[in-house]
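Read off the chains here:
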Amino acid sequence: MSSGPGADSAPAPKPHDDDHTSGTAPQDGPAGQGTFSSLRIRNYRLFFTGAIVSNTGTWMARITQDWLVLSLTGSAAAVGITTALQFLPMLLFGLYGGVIADRCPKRLLLLFSQGALGLCGLTLAVLTLSGEVRVWHVYLVAFLLGMVTVVDNPTRQSFVSEMVGPGQLRNAVSLNSANFQSARLVGPAVAGVLITAVGSGWAFLLNGLSFLAPITGLLLMRPAELHRTERVPRGKGQLREGLKYVAGRPELLWPIVLVGFIGTFAFNFPIWLTAFADKVFHAGAGTYGLLNTLMAAGSLAGALLAARRGSSRLRMLLGAAALLGVLEIAAAVSPSFWLFAALLVAIGMVGLTVNVTANSSVQMATDPAMRGRVMSLYMMVFVGGTPLGAPIVGWLTDHYGVRVGMATAGAVAVIAAVAIGLILVRVGGMRLKLDLRRGHRHVRMVPRERLTAAA
């Protein structure tokens, strides 16, 4: 990262054409210097530390919220409604969150959004500890959490590049995923102990207080060390401008389409894991927890491995998406529990690779002034697909069995990866080129016009 006076305010350089077409993240400095290289940057280190605490609190709250709704209603459908209400705002309003993220100072915006998320947690804590909580209270807070996330998510995603610069972006995105998966291992366990020992209200209280950590980190940052991007002034047609921007760039459009298929169909693990634990392996909640833990461990390993890689390539994204589908099909037909469990570790690793590669490659191929809108579309497609895909996958699982439901979703992932790969090669103005220079023997995608010029 440059320490010159202009580096703090200069926008990230636009990737070269070859970087766009091959999906390689452009670098403004050394990258791939180790698994934790981006933690050398003070502002990101503060952000990362605060996120450890708040992510743990968030996972505690997720488990506690579901348990509370189940306790109040005795209905699994009510738990599903709570989840849908929390994801629905991203599907409906996600693009507007990106417009706000591009218009406003991201650090200031995060201070407000993180504070609002903390207040939601404290509200549930007060209602639960007072004994006045009703299921409609939980529904309302879940919807409000989703509304805040509409702004918070694209702002956090795009703020990472301002903290670390393009040279360390992939590493920072990978460490963010590792951070989240680590909390996924710890948070549910802590929530279980708290619910049993002192009640759900105290878990909500700790979640609300956990947001003090990221707020403190944001306040302690040095604004002069941020890679600032020029804010977009308020104007008409900015939402349409963002959609047009993505539609005109295959290196953005097709990775987003791919993660849409993956998020909608291939990431419905709560449906499959509960069904496998109960109906296939005839086990209880402990086995369900074990399967979730194994997949989270695989995701954590995948995030740490991704942090060591110095670039994000479209061919890696396509290959990982296809491999994810193959692994899901293999798990679906797995005859034994331990083979299924081992495949879940691999699925966690590959699924995380898809997420990190798509996230970092899309960010690096986007102009800084458009990054909030592009990432809001990315998150809307990736996360917002859950309320659409889950009922379809659930229906398949109920009517034809969990093995058919999981295998079908895996097949969708494989077909989507192959189809989008062919589109990028044949329709997106790219061709495969065999590079034999200097002993390098690999296939890469290059623009068709460059091949014509070289001829």
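Residues numbered from 1 in each chain as written. Predicted model: local features only at pLDDT ≥ 70, side-chain atom pairs only at ≥ 80, totals over all residues. Heavy atoms only, no water.

Examining the overall build of the chain
- In terms of regular secondary structure, the chain is built from 18 helices and two strands.
- The buried share among the 455 residues of the chain stands at 51%.
- Approximately 19,800 Å² of the chain is accessible, and the part contributed by carbon and sulfur atoms is 67%. (Helix = DSSP H or I, 4+ residues; strand = E, 2+ residues; numbered from the N terminus. Buried < 20%, exposed > 50% of the residue type's maximum accessible area, 1.4 Å probe, protein only. Areas by Shrake-Rupley, 256 points an atom, 1.4 Å probe, with all protein chains shown as cover.)

Re the packing of helix H2 (residues 42-73) against helix H8 (residues 212-220)
- Packing of H2 against H8 leaves a shortest axis separation of 7 Å and a crossing angle of 170 degrees. Regarding the angle of H2 to H8, the classification is roughly antiparallel. Between H2, through Arg42, Leu46, Gly50, Val53 and Ser54, and H8, the contact on the second element is made entirely by Ala213, Pro214, Gly217 and Leu220.
- For the contact of H2 with H8, the per-class residue count stands at five nonpolar, three polar and one charged. (Axes fitted to C-alpha atoms, helices over the stretch in contact; angles between N-to-C directions. Parallel < 35°, antiparallel > 145°, perpendicular 65-115°, else oblique. Contact = heavy atoms within 4.5 Å. Nonpolar A, V, L, I, M, F, W, Y, C, P; charged D, E, K, R; others polar.)

Topic: helix H14 (residues 337-364)
- For H14, spanning 28 residues, the distance from its first C-alpha to its last is 41 Å, which sits close to the expected 40 Å at 1.5 Å a residue.
- Burial of H14 is extensive: 21 of the 28 residues sit out of reach of the surface.
- For H14, the N-terminal capping position is held by Ser336, with its side-chain oxygen 3.3 Å away from the main-chain nitrogen of Leu339. (Expected span 1.5 Å × (residues − 1). Polar contact = N/O pair within 3.5 Å; in protein donor to acceptor, adjacent residues only side chain to side chain.)

Description of the side chain of Gln65
- As for its position among the elements, Gln65 is in helix H2.
- With near-sequence residues (within four places) excluded, Gln65 lies in contact with Thr82, Gln86, Val138, Ala142, Leu145 and Phe204.

Structural notes on unusual backbone geometry
- Positive phi, normally seen in glycine, also occurs at His282, with a value near 50 degrees.
- Take His282: it is sitting in the loop between helix H11 (269-280) and helix H12 (285-308).

Some words on the packing of aromatic side chains
- Applying the stated criterion across every chain yields a total of 14 aromatic pairs.
- Taken together through their ring pairs, the aromatic side chains of Phe267, Phe269, Trp272, Tyr378 and Phe382 make up a single cluster.
- Seen from the ring of Trp59, Arg62 lies directly overhead, with NZ or CZ sitting 4.8 Å from the centre. (Phe/Tyr/Trp six-rings, centres within 6.5 Å; stacked < 30°, edge-to-face > 60°. Lys NZ or Arg CZ within 6 Å of the ring centre and 35° of its normal.)

Structural notes on the pattern of salt bridges
- In total, this model carries three salt bridges according to the counting rule given.
- Linking Lys106 and Glu162 is a salt bridge whose minimum nitrogen-to-oxygen distance equals 3.6 Å. Taken as a pair, Lys106 in helix H4 (residues 106-129) and Glu162 in helix H5 (residues 135-164) lie far apart in primary sequence, 56 residues in all. Each member of the pair, Lys106 as well as Glu162, carries the same accessibility label: buried. (Salt bridge = Lys/Arg side-chain N within 4 Å of Asp/Glu carboxyl O.)

What about the packing of H11 against helix H16 (residues 386-400)?
- One can describe the packing of H11 onto H16 by two numbers: an axis separation of 10 Å at closest approach and a directional angle of 20 degrees. By the criterion of interaxial angle, the relationship of H11 to H16 is roughly parallel. Considering only the axes of H11 and H16, their crossing is right-handed. Within the contact between the two elements, H11 uses Ile271, Trp272 and Ala275 and H16 uses Ala390, Val393, Gly394 and Thr397.
- Of the residues belonging to the contact of H11 with H16, the class tally is five nonpolar, two polar and no charged. (Left-handed = near helix turned anticlockwise from the far one by under 90°.)

Digging into the nonpolar core
- By size, the foremost hydrophobic cluster in this structure holds 59 residues, and its most contacted members are Leu258, Trp272, Leu291, Phe340, Ile347, Tyr378 and Met406.
- Apart from the residues lying within four places of it in its own chain, the contact partners of Tyr378 are Ile256, Val259, Asn355, Ala358, Asn359 and Val362.
- Grouped together as the second largest cluster of nonpolar side chains are 28 residues, Met163, Leu175, Ala178 and Met221 included. (Core = buried A, V, L, I, M, F, W, Y, C linked by side-chain atoms within 4.5 Å.)

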